[in-house]
Amino acid sequence: MRIGIGIDTGGTYTDAAAYDLEGRRVLGTAKARTTREDLCRGILEALDGLPPETLGAAELIALSTTLATNACVEDRLGRTRLILLGADRRVLARCGAEYGLPPLEEMVLQESGTDFYGAVDGGMDWDRFREQLRRGFSDLDAVGIVEQNAMRNGAVIEKQAKSIFSQLYDLPAVCGHELFSELNCLQRAASVLLNAGLLRCIDEFLNAMDQALRRRGVHAAVAVVRSDGSLASREFAAARPVETLLSGPAASVLGGSALTGEENCVVVDMGGTTTDLALVSGGAPVTELDGIRVGRWRTYVDGLCVKTFGLGGDSAIHCRDGAPLLEAYRVQPLCVAAQKHPVILRNLRALTASGARHTRPLHEHVLLQREPEDAARWSETERQLCAALRAGPLSLADAAAAAGTDVYNLDLRRLLRGGVVQVCGLTPTDIMHLRGDFTAYDAEAARLAAQYVADNAGMRPETLCGWVYQEMERRIYRAVVELLLERRDPRLRRRGVGEDLRRLIDDSFDQKPGWVLPQFRTDFTLLGIGAPIHLFLPAVAERLGTRAVIPPHAGVANALGAVVGGVTDTAVVEIRENGIDGYTVYGPAGARSFPELPDAERCALEAAEAAARAGAVRRGAQEPVTVRSEVQRTTCRGGGGELFLGARAVARAAGALKR
């Protein structure tokens, strides 16, 4: 028997599954809470829940994670800066935010001295470049370096810029040409900056995994699920963490498909922090053609068509303007925190007994997740608060007092982004305890917190519980309809669903009597993945006139999906009409021109096939590697017939992971 073990680390739970790779059957599963302060502990607990004999016999450890996804959605990336050379400031100011780029003043911008075709025209002012590097880099985790025309000139400017930077700073520097070969420099820049911001997050995850596997005597090959569902080597993922952006959602699609065999479905994967939707059509996952988008980031990462939004078992529940509100970010459920820290329960009892009403969430608590590094980076107020938290969690009011301020001015954002502190509050997980759907932790803490929020919202706790469940269903329903509409209509795919259409979707969910009752229906099955999804998905499916399928082992489907993948890589080489001497091919080695289009297409195919094969081997594939390729032309009709707008050669290589 050949055994593989899949491990999925999410923001709330770490799942593990042992799998018979030849017999295609599940040998054992386990689930443990993700321990953010020390990821290794949660991984060890999950591994210890598997049949012991499978650990030593495993020949493959396949990992998936939503840590990168969550870092984007929650804006908890590492401290980074972008060095962008040759870009037009006016274009940046107008379009940069569409790709997730920061304001101009937060980047290093300089002319690169290259023309449109990439030729060095006058050269870069390297003395000025060195001067710009003297400020604003000392407290960073990594930097990204991108030159606008790098894909046309062999990246000579990027390479020199990285060499100079590395002489001045001992920091990771990621260049655009090292990751992607597409021409749009803004999308390349966003991809590179995001990759730099994720280096620390994925490094911590992989190091924790290495430690856990060593402690349990596991010596199998380690692979990581990429955003397109394929596997990559551990080393590749460490250098290119942006490729793991949709690792968790991609694994859930593979796992769900393997468990059910559904041909046409919307995979709905609910975790603690986010919910991910993906499409399977004709038995194959639907992929994005021009790079995936997560949160504000528009990238060149190959990936599945996934819609990610902030909704999960740990979403914060607040009261605002006298009405309940389900936030898009996570907090630690009070039922979980109170079981470990009894002081939280005592504080909640005192709060509800006082009958206090407040515009701030006084039921919430702050706890120290890990010691702050580099004391000079934190303000005196932040250091004071961390010192007070060493004795244990503090209520929001007590935390404000410890920081020398009040609850209105207490600012935890930097400490939260740095993973130093964690907020504990009321969540859907707490509500599940009150309704008896999940009872693993302290239900009294959940009841007291729900009482406080309900009192502030002017409703009974039972009414609040019903509202939370219905709001969870509403948001899943809205996201499913939006995803299906965007796939049906290319215009909506480009622009997104606007507020007017979103209101219509919400009206169709409510089905209130009126002049017109809008309805949305689909033939696609809703396939539920994740521990809490069975509580909400059947009602959503009923409203859409379809059925919900919750497969066995749905709670650990991501871990199963991780272990059933293979190694692939896709390479794209673009062809443009240059208006001078025919057609230009922009390959990894630079630009080449041809007078005739067929010659340009042959060159582009050869370059794409070679790049895809090399990429698959770099990701950890062993020979034989198979390669399939095609040329995709873009044309439009003009007065004289078909007009050539461009073409690209697309090659996809596939092979088994090197063991």
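Just so you know, these numbers come straight off a predicted model, no measurement behind them.

A. Highlighting the overall build of the protein chain. Of regular secondary structure, the protein chain possesses 22 helices and 29 strands. The C-alpha radius of gyration of the protein chain comes to 26 Å, within 12% of the 26 Å expected for a compact globule of 659 residues. Projected onto the principal axes, the alpha-carbon positions of the protein chain cover approximately 80 × 65 × 55 Å. Within the protein chain, the fraction of its 659 residues that count as buried is 56%. Restricting the contact set of the protein chain to residue pairs at least 6 apart, pairs at least 24 apart contribute 68%. As displayed, the protein chain has an accessible area near 27,600 Å², and 48% of this comes from carbon and sulfur atoms. Seen as two clouds, the 77 positive and the 84 negative side-chain charges of the protein chain have centres 1 Å apart.

B. Representation of the nonpolar core within the structure. Residues I5, L47, I61, L63, L84 and L245 are the most contacted members of the largest nonpolar core, which totals 113 residues. With 18 residues, the top contributor of residues to this core is helix α7 (residues 185-215). Not counting residues up to four positions away in its chain, the partners in contact with L84 are L92, M107, V108, L109, Q110, V146 and A189. Listed in part, the 78 residues of the second largest apolar core include A316, L362, V423 and Y469.

C. Fine view of helix α15 (residues 428-435). α15 sits mainly inside the fold: six of its eight residues count as buried. Looking at α15, one finds that the buried residues are P428, T429, D430, I431, M432 and H433. Downstream of α15 by one or two residues, G436 has phi in the positive range, about 80°.

D. Local environment of unusual backbone geometry. A positive phi is found at R24, a non-glycine position, where the angle reads about 50°. Assignment of secondary structure puts R24 in the loop between β2 (13-20) and β3 (25-33). Residue R24 is classed as exposed on the basis of its relative accessible area of 62%.

E. Just the pairing of strand β7 (residues 142-147), in detail. Counting buried positions over the six residues of β7 gives six, a clear majority of the element. As judged from the six bridges shared by strand β5 (residues 80-85) and β7, these two strands associate in the parallel manner. Bridged to T80 within β7 is A142. With three bridges joining them, β7 and strand β8 (residues 173-175) adopt parallel strand pairing. Residue pairing across strands places I145 opposite C175, the latter belonging to β8.

F. Local environment of the pattern of salt bridges. Summed over the entire model, instances satisfying the criterion amount to 47 salt bridges. A salt bridge links R240 to E243, with the shortest nitrogen-to-oxygen separation between them at 3.0 Å. The closest approach of N and O atoms between R349 and E444, which form a salt bridge, is 2.9 Å. Residue R349 is found in helix α11 (residues 342-354), and its partner E444 is found in helix α16 (residues 443-457); the two are separated by 95 residues along the sequence.

G. Seen up close, the sheet that holds β7. In spatial order, the strands read β6-β5-β7-β8; together these four strands make up an open sheet with parallel pairing. Looking at strand neighbours, the two that pair on one side only are β6 (108-110) and β8, the edges of this open sheet. The sheet shows a mean angle of 15° between the axes of neighbouring strands, taken without regard to direction. Of the strands in this sheet, β5, β7 and β8 are in contact with helix α6 (residues 156-168), which crosses β7 at around 150°. On top of the sheet, α7 reaches β5, β7 and β8; it is set at about 165° to β7, its chief contact.

H. Molecular detail of the side chain of Q132. In this structure, Q132 sits in helix α5 (residues 126-132). Within the structure, the side chain of Q132 is placed 3.2 Å from the backbone oxygen of L109, a separation counted as a polar contact. Sequence-distant contacts of Q132, that is, excluding residues within four places in its chain, are made with V108, L109, Q110 and F137.

I. Examining the packing of aromatic side chains more closely. The tally for this structure, following the rule as stated, stands at nine aromatic pairs. Measuring from centroid to centroid gives 5.5 Å for F137 and Y169, while their planes differ by 40°, and the two rings are tilted. Note that F137 is positioned in the loop between α5 and β7 and Y169 in the loop between α6 and β8, a separation of 32 residues in sequence. Owing to a relative accessible area of 1%, F137 belongs among the buried residues under this scheme. Between F180 and Y300, the aromatic rings sit 6.4 Å apart at their centres with planes inclined by 45°, giving tilted as the arrangement. Of this pair, F180 sits in the loop between β8 and α7 while Y300 sits in the loop between β15 (297-298) and β16 (306-309), and the two are 120 residues apart along the sequence. Grouping residues by exposure puts F180 and Y300 together as buried. Each member of the aromatic cluster is reached from another via a ring pair, and the members are F137, F165 and Y169. For the cation-ring pair, R435 lies above Y469, with the distance from its terminal atom to the ring centre recorded as 4.2 Å.

J. Seen up close, the packing of α15 against α16. Axis separation between α15 and α16 bottoms out at 9 Å; the angle between their running directions is 110°. Classified by the angle their axes make, α15 and α16 are roughly perpendicular. Here D430, I431, H433 and L434 of α15 come into contact with α16, specifically with A443, A446, R447 and A450. Split by residue class, the contact of α15 with α16 holds five nonpolar, one polar and two charged.

K. The arrangement of α6 in detail. With 13 residues, α6 should reach 18 Å at 1.5 Å per residue; the first-to-last C-alpha distance of 19 Å fits that figure. Among all positions in α6, only I157, E158, A161, I164 and F165 are buried. What you see down the axis of α6 is that its buried residues fit within an arc of 130°, all on one side. Against β5, α5, β7, β8 and α7 lie the buried residues of α6.

L. Quick look at the pairing of strand β1 (residues 3-9). Most of β1 sits inside the fold, with seven of its seven residues counted as buried. Neither face of β1 is exposed, since I3, I5, I7 and T9 on one face and G4, G6 and D8 on the opposite face are all buried. Relative to strand β4 (residues 58-65), β1 runs parallel, the two sharing seven bridges. Along β4, the bridge assignment pairs D8 with S64. In the sheet, β1 pairs with β2 via seven bridges, with the strands oriented antiparallel. Bridge pairing in β2 places I3 opposite D20. If you look at the hairpin formed by β1 and β2, you'll find three residues sitting between the two strands.

Cut-offs applied
Residues numbered from 1 in each chain as written. Predicted model: local features only at pLDDT ≥ 70, side-chain atom pairs only at ≥ 80, totals over all residues. Heavy atoms only, no water. Helix = DSSP H or I, 4+ residues; strand = E, 2+ residues; numbered from the N terminus. Rg over C-alpha atoms; globule rule 2.2 N^0.38 Å. Buried < 20%, exposed > 50% of the residue type's maximum accessible area, 1.4 Å probe, protein only. Contact = heavy atoms within 4.5 Å. Areas by Shrake-Rupley, 256 points an atom, 1.4 Å probe, with all protein chains shown as cover. Lys, Arg positive; Asp, Glu negative; His and termini not counted. Charge placed at Lys NZ, Arg CZ, Asp CG, Glu CD. Core = buried A, V, L, I, M, F, W, Y, C linked by side-chain atoms within 4.5 Å. Pairing = 2+ DSSP bridges. Salt bridge = Lys/Arg side-chain N within 4 Å of Asp/Glu carboxyl O. Axes fitted to C-alpha atoms, helices over the stretch in contact; angles between N-to-C directions. Polar contact = N/O pair within 3.5 Å; in protein donor to acceptor, adjacent residues only side chain to side chain. Phe/Tyr/Trp six-rings, centres within 6.5 Å; stacked < 30°, edge-to-face > 60°. Lys NZ or Arg CZ within 6 Å of the ring centre and 35° of its normal. Parallel < 35°, antiparallel > 145°, perpendicular 65-115°, else oblique. Nonpolar A, V, L, I, M, F, W, Y, C, P; charged D, E, K, R; others polar. Expected span 1.5 Å × (residues − 1). Arc of directions from axis to C-beta.

Honestly, it's all geometry; don't read function into it.
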